[in-house]
Amino acid sequence: MSTPQVVVAGAGNWGKNLVKTFHSLGALGGIAEANPTLRQQISEQYPGIPIFEDYFTALAQDKARAIVLATPASTHYTFARAALEVGRDVFVEKPMTLKGEEALWLAEYADQNDRILMVGHLLLYQPAITWMRDYLASGQAGKVLHIATQRLKLGRVRSEENVWWSFAPHDISVVLELLGRPIVTGVKAQGQSMVQNRIEDYVHVDLTFKNSQSAHIHCSWYWPTVERRTTVLTNQQILVYDELTQRVTIHRQRINEKTLQHDDGGSEQVPIAHEHPLTLECQHFLDCLTTRQRPRSDAWNGVAVVNILEQAQNLLHD
């Protein structure tokens, strides 16, 4: 069976990684890039691969069985809708759209027309997150009570979006995955704009869910140290995933509900497979194109993430 071919739209900061990965998988059927300097560079890197200046010209090509969107988020809805309406399957980078109603339209249309629509929530393909999801689902850790995430660094400040929209899609998708896609019942948000007016540089968001579980998300690009961590509190254990070292630690610790004392059973590190998540993600998309299975990070996962992003953003500017 031949490998499905995709056209990658956008070969910039992140798109170049998608171009490289799909090419390595033998699936790169074309590249659409508006920037002439980048077009020249990629034509030299990938001789023989069709390169298009205009997205809609690329969309009309017979080889464009599927479209991979790594264009600015403001274009995602328009470009994804156009691709779906001409019968293409779509992989769209995070955030899926900038409005919940747009994400909902795309998800419903994809379902109604048997199209594959996958969102680039890369961390869901991180082996450590896969292990944590399966471990928690097995019940070995007990009942999950709370998840806390930190995504912090002194990073590149953007003028077109705040740190919430830039960083938080990663962590929201992880929280929803580890909790089994729960129903959100409450959102609280606070943040500070220190560099530019109404563009938050750090944000704290608290989420509550129908089953009494909760989560806290902290993100900042104005922070002295690099921290990327997910902590899961259960009634039996505490799991800590350090994204920088790719280590998951099980702390067999809890507060005894009867005695209110600290029970400590020690800790252990979990061996995690060293597989590149972007390769796993891209291969998963190709597998979905062939088998027509629903992607792990499907459109409805994208809708849920955008809805939380939007609700928190509205609270930040109330």
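Preceding this section is the structure that the text describes.
Only a predicted model underlies this, so the values are computations on that prediction, with no experimental measurement involved.

About the thresholds
- Residues numbered from 1 in each chain as written.
- Predicted model: local features only at pLDDT ≥ 70, side-chain atom pairs only at ≥ 80, totals over all residues.
- Heavy atoms only, no water.
- Helix = DSSP H or I, 4+ residues; strand = E, 2+ residues; numbered from the N terminus.
- Buried < 20%, exposed > 50% of the residue type's maximum accessible area, 1.4 Å probe, protein only.
- Salt bridge = Lys/Arg side-chain N within 4 Å of Asp/Glu carboxyl O.
- Contact = heavy atoms within 4.5 Å.

### Concerning the side chain of Thr 249
By the secondary structure assignment, Thr 249 is in strand β13 (residues 247–255). For Thr 249, a relative accessible area of 16% puts it in the buried group.

### Describing the pattern of salt bridges
Scanning the entire structure with this criterion turns up 16 salt bridges. With a closest N to O distance of 3.0 Å, Arg 181 and Asp 298 form a salt bridge. Linking Arg 181 in the loop between α7 (163–178) and β8 (184–192) with Asp 298 in the loop between α8 (277–291) and α9 (299–316), this pair joins segments that are 117 residues apart in sequence. With a relative accessible area of 38%, Arg 181 lands in the partly exposed category. The class for Asp 298 is buried, based on a relative accessible area of 4%.

### Some points on the environment of Val 226
Tracing the sequence through the fold places Val 226 in the loop between β10 (214–220) and β11 (227–234). The class for Val 226 is partly exposed, based on a relative accessible area of 45%. As for Val 226 and Leu 154, which are separated by 72 residues in sequence, their C-alpha atoms are 7.3 Å apart. Among all residues touching Val 226, those that are not within four sequence positions of it are Leu 152, Lys 153 and Leu 244.

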